[in-house]
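Read off the chains here:
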Amino acid sequence: MRPYPFTAVVGMADLRLALVLSAVAPAVGGVLVRGEKGTAKSTMVRALAGLLPDVTVVRDCRFSCDPAEPDAECPDGPHPDGATGRTRPARLVELPIGAAEDRVVGSLDLERALRDGVTDFQPGLLAAAHRGLLYVDEVNLLPDHLVDTLLDAAAMGRVTVEREGVSVTHRSRFVLIGTMNPEEGELRPQLLDRFGLTVDVAASREPAERAEVVRRRLAYEADPDGFAARYTGSEAALADEIAAARALLPSVELTDDVLVRVAEVCAAFEVDGMRADIVTARTAAAHAAWCGRTHVTTEDIRVASRLALPHRRRRNPFDAPGLDEDTLDDALGDGPEPDPDPDPDPPGGGQDDSGPGEPGSDTGNSGDADAGDAGDSGGAAGPPPPDDGEAGGGGEQRIGSGSPYRSKLFTVDGTGTGAHGRRSRATTDDGRVVGVWPGRQRPRGARPHLVATVAAAAPHQQAREHTGPGPALRAQDLRWARCEGKEGNLVLFCVDASGSMGARSRMREVKSAVLSLLLDAYQRRDKVGLVTFRDRGARPAELVLPPTASVEAAAARLEDVPTGGRTPLAEGLLRSAEVLRVEALRDPRRRPLLVVVTDGRATSGPDAVARSQQAAALLAESGVASVVVDCESGRMRLGLAARLADHLGAEHVPLGDVRADALAGEVRQRTERTERTERTERYRRAS
Ligand SMILES: [Zn+2]
């Protein structure tokens, strides 16, 4: 069945352009497509492969070496000069997010290597994608170890597989294309930065366009080949244009003037590092070539900025995507066109009365939000509600949070087996080797432990018929490495939103703490959930957010949580217990961490205190790891939250101690810096 043609996709101009530009200039670095389900984004990506120029590869090379310049280290090599080539279409290789590491990087048959002294390497997906497209659908759900593999390959243009001293390496240069639904969780910043361009897509709201989408889809499904045949001409024409632009690209001149203007735009959007400048310049050049020009215009830079900058200027995952057009206009300025050009004028060149584009007008982010009622720096939606001064009664108010900060790390004790993440200790298929498993059966994800295997075989060498260069191995000698890494957890927040917490500045501080912990959970790849409790008759405790990987959703819900009323602590704890029970059925390997945010007071009904102690004991019995963030303030302290922590068997943390201390932060930063330097060094040596 023929795939849906690229030129048959209706609308989606930005995505079309981004994909075409990355086909014209693979060095742009690929495209990340963000959008809800059902927007034909995958269809379009898959159709792109058909438009790429064919590649010529060395015949019989499984690693797609170019006959003109074969890889000196190719496992199928060395290839002789003038090796015969064959021409084949460029490939689109899909990387399924559940793929085993061996399938991605390739697999090395260790038994053969040891027994026969032969390096038997089966190429993986990264070999298949060399000189083509690598497509990851739901790239935001890709497990960490695969993300690292992908980042390494993308950075070095090469894959290296090392297993117990045997090493294989081959080239792997591909255009990385990812699609994701941001509602299902965000992408790790390092991976986000790897994508040259990003595009946000949404289904059209235009009835006529929607009807056309459906009409074509139905026609395609009824007769895929016939439908595709109708677009053969337009597909071929587009492929020719891409090939022509590719041929023109080396002649496009990136003058100093253009580079300075690109730098000005990047500076205006406060992007980090030089990568943004490089990608923007390359994209502008690709756009010029696409338009059939060899000089770069303001419009090229504008188009490039829109595609290359949005994801680089995002400071934290809660910021809205997109690029502010006013800032872009200002940055591109009223300066003269680098070269006069008949292209359509940029919309709304430079108005003279557009005052609010002033940079720094709302950046009062001093990072110091604990001075009581500091200004609304978090950019919460809407004006703050009128302060009716009613703290303890039934009054309801909405109080936004202050700015988030870096929080202390809370972990679950013991060793889990959960999904890859960065919070608690876990048995994983990578990470540090901490022990050995015996047995013929390979434990889930484990890799062979060579030394232990040879040691197990050694005593039997005389008894076994010993031929061949390696030691005589039997299946029962096999030993597997037991590795330890980190897992993500389910962090369930159980937040007291009652009147006792209602002092305005206090609630803001509480929300800042929870927001900071949410931000931390995002970086550690946890799932999060939010239960709030306050006395409102029918629903004293509410599951405001069911467990999800979307920290943005959690942050948004947190902002909306109203406060007021009495304190049904027991109900809050019981609701949390129920949420955890259900989630344990759904995702049994993910260990929970319950974070109870309260001053410990329970004031709903005469037996409120006793009931909340029972609820706490119940949670403790179920073995849930928990933390009590103690929000009690004032001179007269009752220490109720500390007592609650006792009943829960929880760590007790005063609200002020949620913030990671400055010294620890500095040490961590320094470590990260060292790691980064080492990584860079590794790349440099490898390339
Ligand atoms: Zn080769």
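Residues numbered from 1 in each chain as written. Predicted model: local features only at pLDDT ≥ 70, side-chain atom pairs only at ≥ 80, totals over all residues. Heavy atoms only, no water.

## Observations concerning the sheet that holds strand β7 (residues 132–137)
Adjacent strands of a sheet pair through backbone hydrogen bonds, lying either parallel or antiparallel. Overall, parallel pairing links the 5 strands, which are arranged β4-β7-β10-β1-β11 in an open sheet. Only two strands of the sheet have a single partner each, and these edge strands are β4 (92–94) and β11 (197–201). The sheet shows a mean angle of 20° between the axes of neighbouring strands, taken without regard to direction. One ladder, built from 3 bridges, connects β4 with β7; its direction is parallel. Bridging across to β7, E94 finds its partner in Y135. Together, β1 (31–35), β4, β7, β10 (174–180) and β11 form the strand contacts of helix α2 (residues 41–48), whose direction differs from that of β10 by roughly 165°. (Pairing = 2+ DSSP bridges. Helix = DSSP H or I, 4+ residues; strand = E, 2+ residues; numbered from the N terminus. Axes fitted to C-alpha atoms, helices over the stretch in contact; angles between N-to-C directions. Contact = heavy atoms within 4.5 Å.)

## What to know about the coordination of the zinc ion
Looking at the metal site, the zinc ion is ligated by C61 (SG), C65 (SG), C74 (SG) and H79 (NE2), spaced 2.1 to 2.3 Å from it. Coordination geometry of the zinc ion: the 4 donor atoms subtend angles of 105 to 116° at the metal centre, consistent with an arrangement described as tetrahedral. In the primary sequence, the donor residues of the zinc ion line up as C-x3-C-x8-C-x4-H. Taken together, the positions of C61 in the loop between β2 (55–58) and β3 (85–88) and H79 in the loop between β2 and β3 put the pair 18 residues apart, joining distant regions of the chain. Overall, the relative accessible area of 14% leaves H79 in the buried class. (Donors = N, O, S within 2.8 Å, 3.2 Å for Na, K, Ca; no water. Tetrahedral: all angles 85-135°; square planar, octahedral: opposite > 155°, others 65-115°. Buried < 20%, exposed > 50% of the residue type's maximum accessible area, 1.4 Å probe, protein only.)

## Description of the nonpolar core
Formed by 63 residues in total, the largest nonpolar core has its most connected members in F6 and L19. What L19 contacts, discounting residues up to four positions off in sequence, is F6, V31, M44, V45, L48 and I177. The next biggest cluster of nonpolar side chains, apart from the first, holds 37 residues, and it includes L32, A83, L95 and F174. (Core = buried A, V, L, I, M, F, W, Y, C linked by side-chain atoms within 4.5 Å.)

## Points about the packing of aromatic side chains
On inspection of all chains with the given rule, the structure shows 5 aromatic pairs. Between the aromatic rings of Y4 and Y220, the centroid separation amounts to 5.0 Å while the plane-to-plane angle is 80°, which identifies the pairing as edge-to-face. Of this pair, Y4 sits in the segment before α1 (13–24) while Y220 sits in helix α8 (residues 207–222), placing them 216 residues apart in sequence. Here Y4 and Y220 have matching classes, each one buried. A centroid spacing of 6.1 Å and a plane angle of 15° characterise the contact between F63 and F121, whose relative ring orientation is stacked. Taken as a pair, F63 in the loop between β2 and β3 and F121 in strand β6 (residues 121–122) lie far apart in primary sequence, 58 residues in all. Taking relative accessible area as the criterion, F63 reaches 2% and is therefore assigned buried. Three or more aromatic residues joined by ring pairs make a cluster, and in this case those are Y4, Y220, F227 and Y231. (Phe/Tyr/Trp six-rings, centres within 6.5 Å; stacked < 30°, edge-to-face > 60°.)

Geometry only, nothing functional implied.
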